Amino acid sequence: MSSTLVWTSVLVYVVVALGVAWRSRERGPGGATDMAHYFLGGRRMGGLVSALSYSATTYSAFMMVGLAGLTYAGGVGALGFEIVYFAGVSLVAIFGPRFWAVGKAFGFVTPSEMLGHRYANRGVAVATALVSSLFLIPYAAVQLAGVGYLLSGMTDGAIGFTTGVAVATVLALVFTFIAGIRSVMWTDALQALLMIVASTAVALLVVASLGGFETLFATLADEHPEALTVPGAGLFTPATFLGLTIPWFFFSLSNPQVSQRLFMPASLQAMRRMLLGFLCFGLVYTAVSVLWGFSALIAFPDLENSDLATPTLLASAHVPPVLGVLVMVGILAAAVSTIDSIMLTLSSMLSRDVYAVARQGSDERRQLWVGKAVLPLIALLALAFAELRLDLIAVLSVAASTGLVVTVPALIGAFFWRGGSAAGALASILGGGAWVVALYITGAKPLGWPPGIWALPVACVLFVGISLITSSPRRSAEAFIAAAERGLPWRR
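What you see is a predicted model; the values in this text were computed from it and never measured.

Visitor: Help me understand the overall build of the protein chain, please; the structure alone is not making it clear to me.
Guide: When helices and strands are counted, the protein chain shows 23 helices and zero strands. Intrachain contacts of the protein chain at a sequence separation of at least 6 include 85% that bridge at least 24 residues. As displayed, the protein chain has an accessible area near 17500 Å², and 68% of this comes from carbon and sulfur atoms.

Take a look at the structure:
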């Protein structure tokens, strides 16, 4: 595909998205100096915008590049892997109203601040923020790598991998600086609509060019029968499947750029619309991404890198160039929406929970300045990590979630166990995080199980065990849990 056409489409997207971001700026008092306005949109986001933004943030380059590539490499097991994530979204129905209620009651800006308050220990907030940074920067890098593979693959190398990574980094920085989360959410809404409409239309066109659904699956059964077997072709074994899916099930709780969104809706009704809209969006987008992977497997069965499945398909004769660049822009938009959300979340955690502890007494204006100042640093670290091109995008995404899943026991305990202690939370977050890092660095697989299976049980044992032998902040726990329960719709 012509690099001129690709650059022209990217330029048009940038102009439109910048216009939306600029129009979304907070007007009125507090917009420039208040942490809640910059990072949470003043807790006034509506259901439709929240649903589209939640979808664009969650369904990033992982889907149309990563999940399609995983389907290409591993067959139908990739669909089962993503369905497990879908089942995990049910956790939002349980924890979403509680997050929203305590956020309103105590003014929390970050999930790590919430944990520090609940366990009456600011060290818990600092530990959560640092562990989140350790694992989320590689996850942001995965999104950048997706854009690099996309632009390079579609132009047959005319646009380099590094150029694509740099473009995504600059766009994410610009959107976050314009108006914080408001610009991110409104551009996310635009990007989500573009993602779902363009990718669905072109997926149907590709399937039609391959003979229709019946022919597509008949060809798969004849030429690639292993792709339709459970757990899948080569890549998946039962242990590998569990190692990938366990962290993915808890994604909506463990990933702070997602759980932070639970503080933002204007009401519980808006949160309900957000969740329902996201589920509808995700069902369609999952089906489309898997179809892309299967279509690429039939059309180009000998790709060296399965993450090139979507770019190769988009640049082929199966897709008209104009429609191909529309999907490309949609994938670029999806990646950028996840990157800027991660950057905002990490900057809010580092300023609110790390800097504020180091400089006690700092006001919100100073914290906001620090949050903006670290955004370029986060972006540069993600860019450097992306240049390493370490592994399959989908596998790297789950590796990041494996590290973040160690925060789940402390999160669940915060709302449901008054006996949970600060020492238990610190042990599970820091000890569990160190365990995951050690497993990945050494390549060790105790009992033949990957890190994704070990992370959560180890964190649970540490949290429960240490909490049982240390004292818990009963008064703080009672007030926190009471505030969460008062916010539930059936209690109100």
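Visitor: Looking at this model, I keep getting lost on a nonpolar patch on the surface. Mind explaining?
Guide: Together, Leu204, Phe213, Phe217 and Leu228 make up an exposed nonpolar region whose accessible area comes to about 340 Å². In this structure, Leu204 sits in helix 10 (residues 181-209).

Visitor: Looking at this structure, how should I read the packing of aromatic side chains?
Guide: Think of a pair of aromatic rings as described by two things: how far the centres are apart, and how the planes are tilted against each other in angle. For the structure on display, the rule yields 20 aromatic pairs. Here the aromatic rings of Tyr139 and Phe251 are separated by 6.2 Å at their centres, their planes lie at 65 degrees, and the arrangement is edge-to-face. Placement of Tyr139 in helix 8 (residues 122-154) and of Phe251 in helix 13 (residues 251-254) is noted, with a sequence separation of 112 residues between them. Connected via pairs of aromatic rings, a cluster forms that spans Phe95, Phe99, Phe106, Phe108, Phe263, Phe415, Phe416 and Phe480.

Visitor: Please clarify how the pattern of salt bridges should be interpreted in this entry.
Guide: Here the idea is simple: oppositely charged side chains can pair when their charged atoms come close. All chains considered together, the criterion is met by three salt bridges. Between Arg98 and Glu485 there is a salt bridge, with its nearest N and O atoms 3.4 Å apart. Of this pair, Arg98 sits in helix 6 (residues 90-106) while Glu485 sits in helix 23 (residues 474-486), placing them 387 residues apart in sequence. Assigned by exposure class, Arg98 and Glu485 land together as buried. As a salt-bridge pair, Arg352 and Glu113 come within 3.3 Å of each other at their nearest N and O atoms. Of the two residues, Arg352 is situated in helix 17 (residues 321-358) and Glu113 in helix 7 (residues 111-118); the sequence distance between them amounts to 239 residues. Comparing Arg352 with Glu113 shows no difference in burial state: the two are buried.

Visitor: Explanation requested: the environment of Ser132 in the structure shown.
Guide: Structurally, Ser132 is set in helix 8. Judged by relative accessible area, Ser132 falls into the buried class, the value being 2%. Spatially, the C-alpha atom of Ser132 lies 8.2 Å from that of Gly403, the residues being 271 residues apart in sequence. Other than its neighbours up to four places away in sequence, Ser132 contacts Pro256, Leu346, Met349 and Leu404.

Visitor: Where do I start with the nonpolar core in this structure?
Guide: The tendency in soluble globular proteins is for nonpolar side chains to be buried as a group. Judged by nonpolar contacts, the single largest core of 151 residues is most densely connected at Tyr13, Tyr59, Phe99, Met114, Tyr119, Trp292 and Phe415. Ignoring sequence-local partners within four residues, the contact set of Phe99 consists of Met114, Leu253, Ser259, Leu262, Phe263, Leu411 and Phe415.

Visitor: Where do I start with unusual backbone geometry in this structure?
Guide: What is expected of a backbone is that most residues other than glycine have negative phi and most peptide bonds are trans. You will see that Ala120, though not glycine, has its phi angle at about 50 degrees, which is positive. If you trace the backbone, Ala120 turns up in the loop between helix 7 and helix 8. The phi torsion at Leu447 lies on the positive side, around 60 degrees, for a residue other than glycine. Here Leu447 shows up in the loop between helix 21 (422-442) and helix 22 (451-469).

Visitor: Any chance you could explain the packing of helix 21 against helix 22 here in plain terms?
Guide: For any two helices packed against each other, one specifies the inter-axial angle together with the distance between the axes. At a minimum axis separation of 8 Å, helix 21 and helix 22 run at an interaxial angle of 155 degrees. With respect to each other, helix 21 and helix 22 are oriented roughly antiparallel. Seen from above, helix 21 lies across helix 22 with right-handed handedness. Residue-level contacts link Ala423, Gly424, Ala425, Ala427, Ser428, Gly431, Gly432, Trp435, Val436, Leu439 and Tyr440 of helix 21 to Pro451, Trp454, Ala455, Val458, Ala459, Leu462, Phe463, Ile466 and Ser467 of helix 22. A per-class count over the contact of helix 21 with helix 22 returns 15 nonpolar, five polar and no charged.

Visitor: Can you walk me through helix 18 (residues 364-386) in this structure?
Guide: Three or four residues apart is the spacing at which side chains of an α-helix point the same way, because the helix has 3.6 residues per turn. Taking 1.5 Å as the rise per residue, helix 18 with 23 residues should run 33 Å; its terminal C-alpha atoms sit 33 Å apart, in good agreement. Where helix 18 bends most, the angle comes to about 25 degrees, and this point is Val374, followed within four residues by the proline Pro376. Within the span of helix 18, buried status applies to Gln367, Leu368, Val370, Gly371, Val374, Leu375, Ile378, Ala379, Ala382 and Ala386.

Visitor: Quick question: what am I supposed to make of the side chain of Ser306 here?
Guide: Along the chain, Ser306 falls in the loop between helix 15 (268-299) and helix 16 (309-314). When its relative accessible area of 8% is taken as the criterion, Ser306 is described as buried. Within polar-contact distance, the side chain of Ser306 engages the backbone oxygen of Gly69 at 3.4 Å.

Visitor: Help me out: how do you make sense of helix 12 (residues 238-249) in this one?
Guide: The terminal C-alpha atoms of helix 12 lie 16 Å apart, and with twelve residues this matches the ideal 16 Å at 1.5 Å per residue to within 8%. All buried positions along helix 12 are accounted for by Gly243, Leu244, Thr245, Pro247 and Trp248.

Visitor: For this particular structure, what's the right way to read the environment of Ser254?
Guide: With respect to the helices and strands, the residue Ser254 is situated in helix 13. Note on Ser254: relative accessible area 3%, which makes it buried. Sequence spacing of Ser254 and Thr402 is 148 residues, and the spatial spacing of their C-alpha atoms is 9.1 Å. Not counting chain neighbours up to four residues away, the residues in contact with Ser254 comprise Leu404, Val405, Thr407 and Val408.

Visitor: What's the story with the side chain of Ser348 in this structure? I'm lost.
Guide: Assignment of secondary structure puts Ser348 in helix 17. Here Ser348 falls in the buried class, since its relative accessible area comes to 0%. Engagement of the side chain of Ser348 in a polar contact is seen with the backbone oxygen of Thr345, the distance being 2.7 Å. In contact with Ser348, not counting residues within four places along its chain, are Met35, Phe39, Thr110, Gln260 and Asp353.

Visitor: Mind showing me how you'd approach the environment of Phe177 here?
Guide: Topologically, Phe177 is positioned in helix 9 (residues 161-179). For Phe177, a relative accessible area of 37% puts it in the partly exposed group. C-alpha of Phe177 to C-alpha of Leu344: the two residues are 167 residues apart in sequence and 9.4 Å apart in space. For Phe177, the residues in contact, after removing those within four places along its chain, are Tyr38, Lys372, Leu375 and Pro376.

The rules behind the values
Residues numbered from 1 in each chain as written. Predicted model: local features only at pLDDT ≥ 70, side-chain atom pairs only at ≥ 80, totals over all residues. Heavy atoms only, no water. Helix = DSSP H or I, 4+ residues; strand = E, 2+ residues; numbered from the N terminus. Contact = heavy atoms within 4.5 Å. Areas by Shrake-Rupley, 256 points an atom, 1.4 Å probe, with all protein chains shown as cover. Patch = residues over 30% accessible without salt bridge, like charges linked within 9 Å, V, L, I, M, F, W, Y side chains within 5 Å. Salt bridge = Lys/Arg side-chain N within 4 Å of Asp/Glu carboxyl O. Phe/Tyr/Trp six-rings, centres within 6.5 Å; stacked < 30°, edge-to-face > 60°. Buried < 20%, exposed > 50% of the residue type's maximum accessible area, 1.4 Å probe, protein only. Core = buried A, V, L, I, M, F, W, Y, C linked by side-chain atoms within 4.5 Å. Axes fitted to C-alpha atoms, helices over the stretch in contact; angles between N-to-C directions. Parallel < 35°, antiparallel > 145°, perpendicular 65-115°, else oblique. Left-handed = near helix turned anticlockwise from the far one by under 90°. Nonpolar A, V, L, I, M, F, W, Y, C, P; charged D, E, K, R; others polar. Expected span 1.5 Å × (residues − 1). Bend = angle between axes of the 7 residues up to and from the residue. Polar contact = N/O pair within 3.5 Å; in protein donor to acceptor, adjacent residues only side chain to side chain.

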